[in-house]
Amino acid sequence: MADFVHLHVHSAYSFRESLLRIEDLVEAAALYEMPAIALTDTNGMYGAVSFYRQAKARGVEPVIGCQLQIDLRTQGVEEPVARARSEWRRELETVVLLARGLAGYRALTRLVTCARANGPVPFIRVDELAMHATDLICLIGGGESRLLAQYAAGDEQAAQRSLQTLLGACPAGQVYIDVQDHQKMVERQGLPGLLRAARLWDVPLVATNDARYRFPEDAKLHRAYAALDRPDAEDMWPTDRFALVGADEMSRRFANLPEALQNTVAIADECKLHLPLYQVQMPRYQTKDGRPSEIVLREAARVGATSRYGDVTGEIERRLQYELDVICNMGYADYFLVVADFIRYAHQRGISTGPGRGSAAGSLVAYALRITDVDPMANQLLFERFLNPERVSLPDIDTDFEYERRGEVISYVVDKYGRDRVAQIGTFGTLAARAALRDAGRMLGADPQLVDQLSKLVPGQPGVTLSAVRAQVPSFERIIEGAEAALRLYDAAVRLEGLPHHTSIHAAGVVIAPGPLVDWVPLDPGGDGAPVTQYAMDDIEALGLVKMDFLGLRTLTLVDACIRSIRERTGEMVDWRQIPTDDPATYDMLTRAETNGVFQLESPGMRRVLKQLRPTTLDDIVAVISLNRPGPMENIPAFCDAKHGRVAVSYPHPDLKPILQDTYGVIVYQEQIMQIASLMAGFSLGQADLLRRAVSKKKRDILDEERSRFVDGCLRNGYDAATAHDVYDLIVRFADYGFNRSHAAAYAVLAYRTAYLRAHHLPEFLAALMTMAMGAPDKIRTYEQDARRHRIAVLPPSVVHSERGYAVNAEGAIRTGLLAIRNVGEAAVEHILSLRRERPFSSLVDFLQRIQSRLVNRKALDSLLLAGAFDEFFPDAAAPSAKQQMFEEAWKRAEEARQFAGLTLEFGFPADDPPLRPSTSDEGTKILYIRYAGNKGGSTLRRVQAALSGFPGATPVALYDATARRTRLLGERWCVEVTPELVTLLEEVVGIGNVRVREAPKKSR
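Residues numbered from 1 in each chain as written. Predicted model: local features only at pLDDT ≥ 70, side-chain atom pairs only at ≥ 80, totals over all residues. Heavy atoms only, no water.

Our next topic: the overall build of the protein chain. Tallying secondary structure elements over the protein chain gives 42 helices and 21 strands in all. Taking all 1005 residues of the protein chain together, 55% fall into the buried category. Taking as baseline every contact in the protein chain between residues at least 6 positions apart, the subset at least 24 positions apart corresponds to 73%. Counting every atom, the protein chain has about 44,100 Å² of accessible surface; 49% of that belongs to carbon and sulfur. (Helix = DSSP H or I, 4+ residues; strand = E, 2+ residues; numbered from the N terminus. Buried < 20%, exposed > 50% of the residue type's maximum accessible area, 1.4 Å probe, protein only. Contact = heavy atoms within 4.5 Å. Areas by Shrake-Rupley, 256 points an atom, 1.4 Å probe, with all protein chains shown as cover.)

This is how it looks when you write it as structure tokens:
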């Protein structure tokens, strides 16, 4: 047993600062026979639960900690807003905090959450440390600390102030001076001061090694990797002594400080932790009248079932009662009420939700509560595939929301249950094969052509590894074997591959806790009004926290846009949840495989199956979705032949006909396996689900054990052994790729509904598809070809007629949207549409004069011209060159008009006229009034004066501001006869829209 424990270890979750994987450090601790090992990542606990689980599995005690920065000032804390991060870092003290038991773990999660909330350089205040220090061990003076640097610089007074502040924040006996020996200059110079302080203040010592990689020979690679983000990497880790060394090496380094080594074991013993894993932390649904959630759920489910079915009797009553009993007895009533509540909110807000996904579609209670929209009774879906007491597991209801409004539902949940109890689930970006090659190339300064050559040979599919590429791509292997530089690059990339690189947010996962989340998990700031967990999905579930998937489904956005377009163009109100499921036109279209945009059915493989199967019922669509996958695909010909009567349907045993007749004797669904085991072997459906899960693992001992149970059950039910073995062999064959019928049925409903919209409202459907595909030219071309095949015109964009996206006009043609034009962004389009709403554009000059160039710049205008968006303003036969010339002329006129935008000409008497001097005209005489501000319009004023001088009797009268300290010219009046010729002349001089005629007053002024 080693007499040393590593208490200062950074894993790869100290992003870009370490090469250590969690499994590496646990493996090292076990190899060195250390009783425990710590994880102390920088400013985060991202790997803590994974580390805890792996260490426990290897018989090593996990010590959970974190390296944090602390602002030691008790007041006047300055946020690092305008300063460089490196400068701010130098003003912070660095400590390592270790959790003393479960209370310490919770203190640590709170402190880390506080630190992450403080911006790009996470830190906590010393008073925050003091609030939680009772449950923590604090290691001070390590290699990155200011305290060590102050002693190294000989600044004893500053060092003593720092030390006193830290000792004052933590209880006596829980602060240790951290002594390290990495052969760094700051350590050699600062260690004597630390040792003097330890004796003076009676602070115990602890020896640590700031471990960043597994072996000393990894030092160079580590520095190069860290330098990708930190220019100071060479100074921070200059030697090869930051490896995860054994107790013998540490004993050699600290032979003169044996107590510092012994203290590591004592600290580890004090920091033993037991995390209560897999104990469900169910969120509580707040009922309005305080009634138990079980009672509320039962009442809501019965009301919902009556709404769905009318009288709830017979089989429906029995199924509902059974499901409610299972849900309530397992303690999941709150879960169903929480999900039903935010689904109800979405419906009330007009946010579309999907019909369901996953095994939850098999629940009658979920259907009654309108969580799902697929009738499990009519579709023969099994509740036990979703939830059963014999396989105790959390329910998992995934919900689809209209993609663009998913965030509104998350915000509602945050508001209802509290921002401290709801978070989005974090995830980690890792270095995939190509990224690892490119990073390794940057680190090694490799030839960019070599890096590019190797990267291009890595297939693009997810999950591919460099070792697999080397084994399977001969040209990749030849390059590596043919050049030493290529081999070095490959070896370095393999070391980096799979390392966590950055944090991200899970696409769907949201966690809701019964209390403050920081009791279980540290949090990062996030969007959508919710923070983000530092733990990924598996670790969240290990902690017993309940996650729910809020999935954004673009198909729902498509459906909403299509239905809205139908309503606006025709006035027809389409309720897509009430679409008939036996529509011949829809099935005819599917048989022709015209499925562009149809959910789940538009891939080439799906189209082939549709043509072979020629669906006529919703069940056929369920089968198509289930069969077109590796494994089941081999049964497609037999399935289709049986459906169309080309071959006779056969069954493994006549008793299985009721289970397999809808799939023509072929096992397609997991639920069928469960039903077969229940019928023949007498298993409960819960036991049958366990059988299905067990045999899918294909482990020999499990297969033999389950075969014995199945055959024994069949024999008890009167079946012969040969039949039992044959059917079991079928189960084994199909269990690993049989599809979840509940999931397929829910998807089939969505597929059918989108197919119905396409079959009956093709212009609107294609317009919505094109709008969603803007920015993907290949898809746009495909959809345009689809439209033209069906004789639907696709019109070019137009500033007179186009909307943001593609839209259907009154004649049924699709008009291209303005956002589809390159170089024309959101702000430009919104500006154009807002101007058009004020009044239509009467000419190209009018358009160009009214737009603001900062919103619609010349590049955008050129793109609009090239796309044909101005064609209404040109003669029909105009050539492109002629259009360009006319545009330039209009642009010039508009530019001139914009220069004179401060000038206004009016015939009549504006109500706000200052007094005139002298008096000008008799009652009823029209007056031309020219108003301008500052220097604007001066040249045009002169042009107007010249034009008026040719009209007989035109008399100018100067208009002055008599209230100003110095008299200034405001404008002029002209007594002149108003004629159409005069108005036309002035419009040409000033610009259309700037000349107005007002009624003259009855009385002269």
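One finds Tyr 105 and Phe 476 to be the most contacted residues of the largest nonpolar core, which totals 125 residues. When residues no more than four places from it in sequence are discounted, the contact partners of Phe 476 are Leu 437, Leu 454, Leu 457, Val 458, Leu 466, Val 469, Arg 470 and Tyr 490. Judged by nonpolar contacts, the second largest core, of 65 residues, contains Ile 625, Val 749, Leu 766 and Ala 767. (Core = buried A, V, L, I, M, F, W, Y, C linked by side-chain atoms within 4.5 Å.)

With 17 residues, helix 8 (residues 185–201) should reach 24 Å at 1.5 Å per residue; the first-to-last C-alpha distance of 25 Å fits that figure. Considering bend angle alone, the principal kink of helix 8 is centred on Leu 191 and spans about 40°; proline Pro 192 follows within four residues of it. Here helix 8 has its buried residues at Glu 187, Gly 190, Gly 193, Leu 194, Leu 195, Ala 197 and Ala 198. Phi turns positive one or two residues past the end of helix 8, at Asp 202, with a value near 55°. (Expected span 1.5 Å × (residues − 1). Bend = angle between axes of the 7 residues up to and from the residue.)

Looking now at unusual backbone geometry. A positive phi is found at Asn 43, a non-glycine position, where the angle reads about 55°. Within the secondary structure layout, Asn 43 lies in the loop between strand 1 (36–39) and helix 2 (48–57). Given a relative accessible area of 9%, Asn 43 falls into the buried group. For Ala 593, which is not a glycine, the phi torsion comes out positive at approximately 60°. Tracing the backbone through its elements, the reader meets Ala 593 in the loop between helix 25 (584–591) and helix 26 (604–613).

For the structure on display, the rule yields 24 aromatic pairs. Look at Tyr 587 and Tyr 752: their rings are 5.5 Å apart centre to centre, the planes differ by 40°, and that puts the pair in the tilted class. In this pair, Tyr 587 is assigned in helix 25 and Tyr 752 in helix 34 (residues 741–760), connecting sequence segments 165 residues apart. Each member of the pair, Tyr 587 as well as Tyr 752, carries the same accessibility label: buried. Plain terms: the ring middles of Phe 599 and Tyr 747 are 4.8 Å apart, the flat faces sit at 70° to each other, and that makes the pair edge-to-face. Of this pair, Phe 599 sits in the loop between helix 25 and helix 26 while Tyr 747 is found in helix 34, placing the two residues 148 residues apart along the sequence. Among the aromatic residues, those joined into a ring-pair cluster are Tyr 322, Tyr 335, Phe 336, Phe 383 and Phe 386. Sitting over the face of the ring of Tyr 417, Lys 416 holds its NZ or CZ atom 6.0 Å from the ring centroid. (Phe/Tyr/Trp six-rings, centres within 6.5 Å; stacked < 30°, edge-to-face > 60°. Lys NZ or Arg CZ within 6 Å of the ring centre and 35° of its normal.)

Let us now look at the confidence of the model for the protein chain. Across the protein chain, the average pLDDT comes to 86, with 87% of residues at 70 or higher. Within the protein chain, the lowest mean pLDDT, 49, falls on strand 19 (residues 955–961), and the highest, 97, falls on strand 1. For the stretch residues 909–926, pLDDT sits under 50, and the model shows 52 contacts to residues farther than four places along the chain or on other chains. Confidence over residues 998–1005 falls short of pLDDT 50; this stretch has 25 contacts with residues more than four positions distant or in other chains. (pLDDT = per-residue confidence, 0-100.)

Residue placement: Arg 16 occurs in the segment before helix 1 (22–31). Side chain to side chain, Arg 16 and Asp 439 meet in a polar contact 2.9 Å long. Contact partners of Arg 16, with chain neighbours within four places excluded, come to Tyr 225, Ala 226, Leu 228, Asp 229, Asp 439, Arg 442 and His 501. (Polar contact = N/O pair within 3.5 Å; in protein donor to acceptor, adjacent residues only side chain to side chain.)

So, on to empty space enclosed by the protein. By the definition in use, this model includes eight cavities of 30 Å³ or more. In this model, the largest cavity occupies a volume close to 100 Å³. Elements with a contribution of two residues or more to the lining of the largest cavity: helix 29 (657–660) and helix 30 (670–681). It is helix 30 that provides the largest number of residues to the lining of the largest cavity, a total of three residues. Of the residues contributing to the lining of the largest cavity, the split by class is three nonpolar, four polar and three charged. (1 Å grid on protein atoms, 1.4 Å probe; cavity = no way out; pocket = protein on both sides within 12 Å on 5 of 7 lines; lining within 4 Å. Points joined across faces, edges and corners; volume = space filled by probe spheres on them. Nonpolar A, V, L, I, M, F, W, Y, C, P; charged D, E, K, R; others polar.)

Here we have three strands laid out as an open sheet, ordered 14-16-15, and mixed in their pairing. Each of the sheet's edge strands pairs with one partner strand only, and the pair in question is strand 14 (794–795) and strand 15 (807–808). Bridging between strand 15 and strand 16 (residues 814–815) involves two bridges; their strand directions are antiparallel. By the bridge assignment for strand 16, Ala 807 is matched with Arg 815. (Pairing = 2+ DSSP bridges.)

So, on to the packing of helix 13 (residues 293–309) against helix 14 (residues 314–329). Running from N to C, helix 13 and helix 14 point in directions that differ by 155°, and their axes come no closer than 11 Å. In terms of orientation, helix 13 and helix 14 fall into the roughly antiparallel class. Like other packed secondary-structure pairs, helix 13 and helix 14 cross with a definite hand, here right-handed. Residues Glu 294, Leu 297, Arg 298, Ala 301, Arg 302, Ala 305 and Tyr 309 of helix 13 form the contact with helix 14, whose own contacting residues are Ile 316, Glu 317, Leu 320, Gln 321, Leu 324, Asp 325, Ile 327 and Cys 328. Taken together, the residues of the contact of helix 13 with helix 14 sort by class into nine nonpolar, one polar and five charged. (Axes fitted to C-alpha atoms, helices over the stretch in contact; angles between N-to-C directions. Parallel < 35°, antiparallel > 145°, perpendicular 65-115°, else oblique. Left-handed = near helix turned anticlockwise from the far one by under 90°.)

Between side chains of opposite charge, pairing is possible as soon as their charged atoms come close. The tally for this structure, following the rule as stated, stands at 64 salt bridges. Note that Asp 786 is salt-bridged to Arg 758, the shortest N-O span being 2.9 Å. Linking Asp 786 in helix 36 (residues 777–789) with Arg 758 in helix 34, this pair joins segments that are 28 residues apart in sequence. For the residue pair Asp 786 and Arg 758, the accessibility class agrees, reading buried in each case. Across the pair Glu 784 and Arg 788 runs a salt bridge whose closest N-O atoms are separated by 3.9 Å. Linking Glu 784 with Arg 788, this pair stays in helix 36, spanning four residues, or about one helical turn. The network of salt bridges with shared partners includes Glu 17, Glu 144, Asp 210, Arg 212, Arg 230 and Asp 232. (Salt bridge = Lys/Arg side-chain N within 4 Å of Asp/Glu carboxyl O.)

The residue Asp 373 is located in the loop between helix 16 (364–368) and strand 8 (398–402) in this model. For Asp 373, a relative accessible area of 16% translates into the label buried. Asp 373 sits 376 residues away from Val 749 along the chain, and the two C-alpha atoms are 8.6 Å apart. Residue contacts for Asp 373: discarding those within four places in its chain leaves Arg 308, Pro 355, Tyr 367, Arg 577 and Arg 753.

Attention now goes to the pairing of strand 5 (residues 136–140). The buried count for strand 5 comes to five of five residues, which makes it a mostly enclosed element. Residues Leu 136, Cys 138 and Ile 140 line one face of strand 5 and the alternating positions Ile 137 and Leu 139 line the opposite face, and both faces are buried. Where strand 3 (residues 93–99) and strand 5 come together, four bridges link them in antiparallel fashion. When the bridges of strand 5 are listed, Ala 99 appears paired with Leu 136.

Before going further, it helps to examine the environment of Glu 315. In this structure, Glu 315 sits in helix 14. Given the relative accessible area of 46%, Glu 315 is considered partly exposed. Distance from Glu 315 to Met 377, taken between C-alpha atoms, is 8.9 Å for residues 62 residues apart in sequence. Polar contacts involving the side chain of Glu 315 include one to the side chain of Arg 318, which spans 3.1 Å.

With that settled, the discussion passes to the pairing of strand 13 (residues 546–553). With seven of its eight residues buried, strand 13 lies for the most part within the structure. Here strand 8 pairs with strand 13 via five bridges, running parallel. The partner of Thr 399 across the bridge, within strand 13, is Phe 550. Both strand 10 (residues 500–512) and strand 13 contribute to a ladder of four bridges, which runs antiparallel. Paired with Val 511 across the two strands is Lys 547, which belongs to strand 13.

Next up on the list: the layout of surface pockets. Estimated volume of the second largest pocket: approximately 1,200 Å³. In terms of lining, the second largest pocket is formed by 36 residues, of which the most central are Thr 557, Asp 560, Ala 561, Arg 564 and Thr 771. For the lining of the second largest pocket, the secondary structure elements donating two or more residues are helix 24 (554–570), helix 35 (762–772), strand 15 and helix 37 (826–838). At ten residues, the largest contribution of residues to the lining of the second largest pocket is made by helix 24. Counted by class, the lining of the second largest pocket contains 15 nonpolar, six polar and 15 charged residues.

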